[in-house]
Amino acid sequence: MIGRTILRVVFPKQHSRWFLFFSTSHSSDDIGTCIVSLQSCAHNTNLSKGKELHSHLLKNGFFASPFAITSLINMYSKCTLMDYAFKVFNYPTFHDKNVFAFNAIIAGFVANGLSQDGFGLYRQMRHMGIVPDKFTFPCVIRACGDAVEDLEVKKIHGLLFKLGLELDVFVGSALVNTYLKFGLVVEAHKVFEELPVRDVVLWNSMVNGYAQIGRFEEALGVFRRMGENGVVPCRYTVTGVLSIFSVIGDFANGRTVHGFVTKMGYDSSVVVSNALIDMYGKCKCISDALNVFEVMDEKDLFSWNSIISVHERCCDHYGTLTFFDRMLRNRVQPDLVTVTTILPACTHLAALMHGREIHGYMIVNGLGKEGSNNDFDDVVLNNALMDMYAKCGNMRDARMVFDSMREKDVASWNIMITGYGMHGYGDHALDVFSRMCQAQMVPNEISFVGLLSACSHAGMVKEGLEFLVEMESKYGVFPSIEHYTCVIDMLCRAGQLMEAYDLVQTMPFKADPVGWRSLLAACRLHKDMYLAGIAASKVIELEPGHCGNYVLMSNVYGVLGRYEEVSEVRHTMKQQNVKKRPGCSWIELMNGVHVFITGDRTHPQTNFIYAGLNSLTAVLQQHGYVPYM
């Protein structure tokens, strides 16, 4: 349920005489203190102290107490040791299993993601003739939702009427949430409307239930109605609504909720602050997300993962690594989410040292290890690791990861093909493709983009043209504009400019700016002014605001020494208000990644860097180097 504690240990009034009788036979202070201490251990997940109390109960003969057993089950459940909890539940001397013990063990299984086991115990409970109460049903209903048992939920709903619990708000909240999880909107709405008392948790069930199935308008409608009924939203309401604004990118309403959060004092909650960071991040408002993060008094792992993800989502890869380094300095241990976010940043920045450190952390902590609980996540994680090594130019380590993978998907093979291709290892790329087909793995469009790119970089024109012809006939993959662009680039790199131009004219797609720019760049290399003029007019026609078109044309004139035309191109850029994007470089040193932008003088060692750069430029110019635009 949303915002309500699932696991409860209840000592009802009707059993007070029995507890009093038990207390006269044993030290009431001692066992009472043990039970209170066990509840504290459960709350603080203090396993070592809980085990000590377990030993004390056994040693002093208190283990026959149902209250002590229920408290022990609760403690082990909260410490995620369900094997221990189940052994306590099935202790040989514990014959008088009552509804409270069953409630504790069922709740423990459900809270620990073992809903099938929890529901099995509910059936055992019913078979034994033990009548469930209002604390049993919320957990059992949630178990049905997790196990996708919509028919069982309807059976339980019928039983509620028989037991007179159909109007209980706790049970009703669980029913509403589970019905919506199954998309049974009519049933959920009926339960909601028939409940005479509607607390904030019930409203949360409606709001979050609609949000989880993607019905955002209905969720926001319930949220507005909640305000009209004078129900003040709580922290769980706020996080649910913020998650909706995150998905739909509604910055304006998200900021309004932020104002409400501040007014109510909810911003002191780590969970609410994390939701705000996530909302601002998905709305691409990195500065707002950063403001929320920096004022947080307490930050948990999710806080760090959220702010790191925000920077990576906004393509601020340098910022991603900066916050990752801060996270490590604050001694926060990364998890699977952190690693999968950081690896792409290392890939974009070619930060090989960072990537290797992360790989080492994965090995030590068993992340991505074959045979773990989630093979799909392992494949995705290892693919990200391979991609990082390949794009950092370390194909040896990429191959090591690839060979160690027991399970590989198409993306795994594609990464290796593309990696070998981009570094000029055409034979290796073709060998991996051959092995991929032998492994009964069906290549897709991306496989052939990598393969044709490999042929292009390795000068394997004959093989590349053969693959283009065989794609559809032999492998059932229809060539797209991306495949033709790779072949155009391949012909241009091989100096076959007229063949590339003929392909641009005859291919079944209208050439895109990338293809024409490949031809224009080749014209600069081979000093072909005729084709350069045609290609330049085409790219400027297709993308008049792209600075690269003008830069390439200017460089063509520069190679030929026609500096008047260079000046004309620059003048045209000014007239069209086209500005060249500043160049950006980075280098990874032992103390981190250093980023440099053209004309940037913010680096603390700027004077030393520019002095070295000017010296190198002077030496190059002495040997005839002429800088391009």
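Criteria and cut-off values
Residues numbered from 1 in each chain as written. Predicted model: local features only at pLDDT ≥ 70, side-chain atom pairs only at ≥ 80, totals over all residues. Heavy atoms only, no water. Helix = DSSP H or I, 4+ residues; strand = E, 2+ residues; numbered from the N terminus. Buried < 20%, exposed > 50% of the residue type's maximum accessible area, 1.4 Å probe, protein only. Contact = heavy atoms within 4.5 Å. Areas by Shrake-Rupley, 256 points an atom, 1.4 Å probe, with all protein chains shown as cover. Axes fitted to C-alpha atoms, helices over the stretch in contact; angles between N-to-C directions. Parallel < 35°, antiparallel > 145°, perpendicular 65-115°, else oblique. Left-handed = near helix turned anticlockwise from the far one by under 90°. Nonpolar A, V, L, I, M, F, W, Y, C, P; charged D, E, K, R; others polar. Core = buried A, V, L, I, M, F, W, Y, C linked by side-chain atoms within 4.5 Å. pLDDT = per-residue confidence, 0-100. Salt bridge = Lys/Arg side-chain N within 4 Å of Asp/Glu carboxyl O. Phe/Tyr/Trp six-rings, centres within 6.5 Å; stacked < 30°, edge-to-face > 60°.

Which residues make up the overall build of the chain, and what are the values?
Assigned secondary structure in the chain consists of 34 helices and 2 strands. Evaluated residue by residue, the chain yields a buried proportion of 47% over its 629 residues. Put simply, of all contacts in the chain between residues at least 6 apart along the chain, 62% involve residues at least 24 apart. Total accessible area computed for the chain in this model is approximately 31,700 Å², and 55% of it derives from carbon and sulfur atoms.

Tell me what's going on with the packing of helix H24 (residues 410-422) against helix H25 (residues 426-438), and back it up with residues and numbers.
H25 packs onto H24 with a crossing angle of 165° between their chain directions and a minimal axis gap of 8 Å. In this view, H24 runs roughly antiparallel relative to H25, as classed from their interaxial angle. Where H24 crosses over H25, the handedness of that crossing is left-handed. For the pair formed by H24 and H25, the contact residues are Val-410, Trp-413, Asn-414, Met-416, Ile-417, Tyr-420 and Gly-421 on the first element and His-428, Ala-429, Val-432, Phe-433, Arg-435 and Met-436 on the second. Residues that form the contact of H24 with H25 fall into these classes: 9 nonpolar, 3 polar and 1 charged.

So what about the nonpolar core? Which residues, and what values?
Core analysis: the biggest nonpolar cluster contains 170 residues, and Ile-105, Ile-106, Phe-137, Ile-156, Trp-516 and Leu-519 have the highest contact counts within it. Ranked by residues supplied to this core, first place goes to helix H6 (residues 99-111) with 10 residues. Setting aside chain neighbours within four positions, we find Phe-137 in contact with Tyr-122, Pro-132, Ile-156, Leu-159, Leu-160, Leu-163, Leu-165 and Val-171.

A description of the packing of helix H18 (residues 301-313) against helix H20 (residues 336-349) should follow, citing residues and the corresponding values.
Helix-helix packing is described using two parameters, namely the angle between the two axes and the distance between the axes. Between H18 and H20, whose axes approach to 10 Å, the crossing angle comes to 30°. It follows that H18 is roughly parallel to H20 by the angle criterion. The hand of the H18/H20 crossing is left-handed. For the pair formed by H18 and H20, the contact residues are Leu-301, Asn-305, Ile-308, Ser-309 and Glu-312 on the first element and Val-337, Thr-338, Thr-341, Ile-342, Pro-344, Ala-345 and His-348 on the second. In terms of residue class, the contact of H18 with H20 is built from 6 nonpolar, 5 polar and 1 charged.

Describe in detail the confidence of the model for the chain, supporting the description with residues and values.
In the predicted model, the chain carries a mean pLDDT of 84, and 85% of its residues have values of at least 70. Contacts of residues 1-26 to residues separated by more than four positions or lying in other chains number 54 contacts, the stretch itself having pLDDT below 50.

Pulling in residues and values, what's your account of the pattern of salt bridges?
Inspection of the entire model under this criterion finds 17 salt bridges. Linking Glu-152 and Arg-123 is a salt bridge whose minimum nitrogen-to-oxygen distance equals 3.0 Å. Here Glu-152, found in helix H9 (residues 150-163), pairs with Arg-123, found in helix H7 (residues 115-127); they are 29 residues apart in sequence, far enough to count as distant. A relative accessible area of 12% places Glu-152 in the buried class. For Asp-489, the salt bridge is made with Arg-493, and the minimal N-O distance between the two is 2.8 Å. You can see Asp-489 and its partner Arg-493 sitting in helix H28 (residues 481-493), 4 residues apart, about one turn around the helix. Residues joined by salt bridges that share partners form a network here, namely Arg-123, Glu-152 and Lys-155.

So what's going on with unusual backbone geometry? Which residues, and what values?
Even without a glycine there, the phi angle at Lys-284 is positive, about 60°. Among the structural elements, Lys-284 can be located in the loop between helix H16 (270-282) and helix H17 (286-295). Residues other than glycine seldom take positive phi values, yet Cys-315 does so here, at roughly 65°. Within the secondary structure, Cys-315 sits in the loop between H18 and helix H19 (317-329).

Now, about the packing of aromatic side chains: what can you tell me, with residues and values included?
For the coordinates displayed, the defined rule picks out 18 aromatic pairs. Ring geometry for Phe-293 against Phe-323: centres 5.8 Å apart, planes inclined by 80°, an arrangement best described as edge-to-face. Placement of Phe-293 in helix H17 and of Phe-323 in helix H19 is noted, with a sequence separation of 30 residues between them. Judged by its relative accessible area of 0%, Phe-293 falls in the buried class. Using a relative accessible area of 7% as the deciding quantity, one classes Phe-323 as buried.

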